[in-house]
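# An overview of the molecular structure
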Amino acid sequence: MPGDRKPLPLVAIVGRPNVGKSTLFNRLIGERRAIVGDEPGITRDRIYGESDWNGQRFALVDTGGIVPDDEAVIPANIFKQAAVAIDEAVALIWVVDARAGVTPLDEELASLLRETGKQVLVAANKVDAVRLEDEATDFHRFGFANMFAVSAEHGNGIGEMLDVLAQELRTWTRRDRGTGSGSPSVSENSHDGSRQDAKVQSDAKEDATADETSALLVREINLAIIGRPNVGKSSLLNRLLGEERAIVSPVAGTTRDSVDTLLKTDEQTFRIIDTAGIRRKGKTTAMAEKLSVIMARKSLARADVAIVLLDAEEGVTALDATIAGYAVEAGCSIILVLNKWDLLVDKDSSAGARFERKLRDQMKFLSWAPVVTTSALTGQRVQKLLPLAIRANRTRSLRIATSRLNEFFEREVRQKSGVTPAKTFRGSRLRVQYITQTGVRPPTFIMFTAGGKAGLHFSFLRHFENRLRDEFDFYATPIRIVERHKSRNRLR
């Protein structure tokens, strides 16, 4: 149960830009979670993961390249995010570039890390050959006891470093249990390794006899925030969490990795996935931007509910519809959020209704998705989003008994609608024999048909789906309907 998870010690990976921190992070967690490239400054937000070495489990946080004296908006915020990670961590892995040697920035960082009083393991990276090991010895000058010549890309020297780290963490664990102190840690069993940015102090105990709905509330909800660049995705994440978890700036494309954060409320645990802004293909040129768009789309594959964020100032664009289409393809439940509502001037009481009508006209395929006007900056109506996500997640798991489903179809569709499934073909009309639900998340139905020619008319399917939503309250979730036709040839 969530309340029984054991704390994991947190280890922060730090260093100046472009030394291989994200490559090391990906190797230690065993998957590609952080974007890696030759361009310095790719990682900006804090990215969390989990690792296990010889039975010692620990949490990892990858940070952006630290440049302490840079006053530019993004580097300054990267330093701020890294400082948070360093403060929370039990131990630090300081990644340096053995090929480049000691730099003035390394000298400055060594001083900063020494002041933390925490265990620092120096990983002299990019030692891809034995002849390069001597170049790593220069970093002994900083006085840290543990220095390792490693290659994050090829795995050289990683085992020796992890042996020492695991021993340090075991020592910390024994000391922590002995004192009962509230030392930095991350709750165990956080999928994809994200840390517990928890906001509420208690979890409801799971009753052994709980019904299916209660079980759904115990299950973690993956909530993705998607949209074009600079529509306020990271601002919304920070507002939901009540802290500056993601870097926010006026620069479009500030977020590059998909950043996972756990949020616990009295009712539900959420894994909130802040994704990079998705651009049109022709506008995506830099390698890091292309990778970030790919990872944003991959995040939708594991999301239960997607908040599709729109810019109320700019209005709905064709790209917004495309992005929402990605979420539908992934089977996500969808909440449409018009952000920056506070920036609109001359609003009246009917402004919301007018915007929604325009949105519905431009996104006809999302007639079932609720629309919320918000301001991530001021917090206006942001509190509505999590309850809506809980409701959407609950309805996407509804399963309707076949008998009840067919009784509804006979009563509300076949007898009342007057809509025929298809045109007559060679004197025979296509008919629906019966319907059954074959899947959930999203709800999937099979219509068994016979006679005529296969191919249910779109107006019939649309009418059936609308009535199905009204009858069983399939709120904010896509519905998939598959036709299975029994042809005459098959009967012979």
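Residues numbered from 1 in each chain as written. Predicted model: local features only at pLDDT ≥ 70, side-chain atom pairs only at ≥ 80, totals over all residues. Heavy atoms only, no water.

Okay, the pattern of salt bridges next. Summed over the entire model, instances satisfying the criterion amount to 20 salt bridges. Close ionic contact of Glu220 with Arg271 constitutes a salt bridge, the shortest N to O distance being 2.9 Å. Of this pair, Glu220 sits in the loop between helix H6 (212–218) and strand E8 (221–227) while Arg271 sits in strand E10 (residues 269–274), and the two are 51 residues apart along the sequence. Relative accessible area serves as the criterion here: at 0%, Arg271 is assigned to the buried category. For Arg411, the salt bridge is made with Glu471, and the minimal N-O distance between the two is 3.2 Å. Note that Arg411 is positioned in helix H12 (residues 402–414) and Glu471 in helix H13 (residues 458–472), a separation of 60 residues in sequence. (Salt bridge = Lys/Arg side-chain N within 4 Å of Asp/Glu carboxyl O. Helix = DSSP H or I, 4+ residues; strand = E, 2+ residues; numbered from the N terminus. Buried < 20%, exposed > 50% of the residue type's maximum accessible area, 1.4 Å probe, protein only.)

Turning next to the pairing of E8. Among the seven residues of E8, seven are classified as buried, and the element is accordingly described as predominantly covered. Taking every second residue as pointing to the same face, both faces of E8 are buried, with Ile221, Leu223, Ile225 and Gly227 on one and Asn222, Ala224 and Ile226 on the other. Pairing geometry for E8 and E10, over five bridges, is parallel. What sits directly across from Ala224, in E10, is Ile273. (Pairing = 2+ DSSP bridges.)

Turning next to helix H7 (residues 233–241). Burial analysis of H7 places seven of its nine residues in the buried class, which makes it a mostly covered element. Residues of H7 that are buried: Lys233, Ser234, Leu236, Leu237, Asn238, Leu240 and Leu241. Of the residues trailing H7, Gly242 is marked for its positive phi of about 80 degrees.

Another point: the confidence of the model for the chain. In this model, the chain carries an average pLDDT of 80, and 76% of its residues clear a pLDDT of 70 or more. Considering each helix and strand of the chain separately, the mean pLDDT is smallest for strand E7 (residues 185–187), with a value of 47, and largest for strand E12 (residues 333–339), with 97. (pLDDT = per-residue confidence, 0-100.)

In this section: H12. What H12 keeps buried is the set Leu405, Asn406, Phe408, Phe409, Glu412 and Val413. Each element contacted by the buried residues of H12 is listed here: strand E14 (431–439), strand E15 (444–450) and H13. (Contact = heavy atoms within 4.5 Å.)

It is worth spelling out the sheet that holds strand E16 (residues 480–486) at this point. Strand order in this open sheet of three strands is E14-E15-E16, and the pairing throughout is mixed. Both edges of this open sheet fall to E14 and E16, since each of them pairs with a single strand only. The sheet shows a mean angle of 25 degrees between the axes of neighbouring strands, taken without regard to direction. Here seven bridges tie E14 to E15, and the two strands are oriented antiparallel to one another. Bridging from a neighbouring strand, Gly439 pairs with Thr444 of E15. Against the sheet, H12 engages E14 and E15, with an angle of about 140 degrees to E14. (Axes fitted to C-alpha atoms, helices over the stretch in contact; angles between N-to-C directions.)

A word on unusual backbone geometry. With an omega dihedral of 5 degrees, the bond running from Arg441 to Pro442 counts as a cis peptide bond. Turning to its location among the elements, Pro442 is positioned in the loop between E14 and E15. In the Ramachandran plot, Asn18 falls in the positive-phi region, its phi being about 65 degrees despite a non-glycine side chain. Here Asn18 shows up in the loop between strand E1 (7–14) and helix H1 (21–29). A relative accessible area of 34% places Asn18 in the partly exposed class. With respect to the secondary-structure elements, Arg441 resides in the loop between E14 and E15. The exposure class assigned to Arg441 is partly exposed, which follows from its relative accessible area of 24%.

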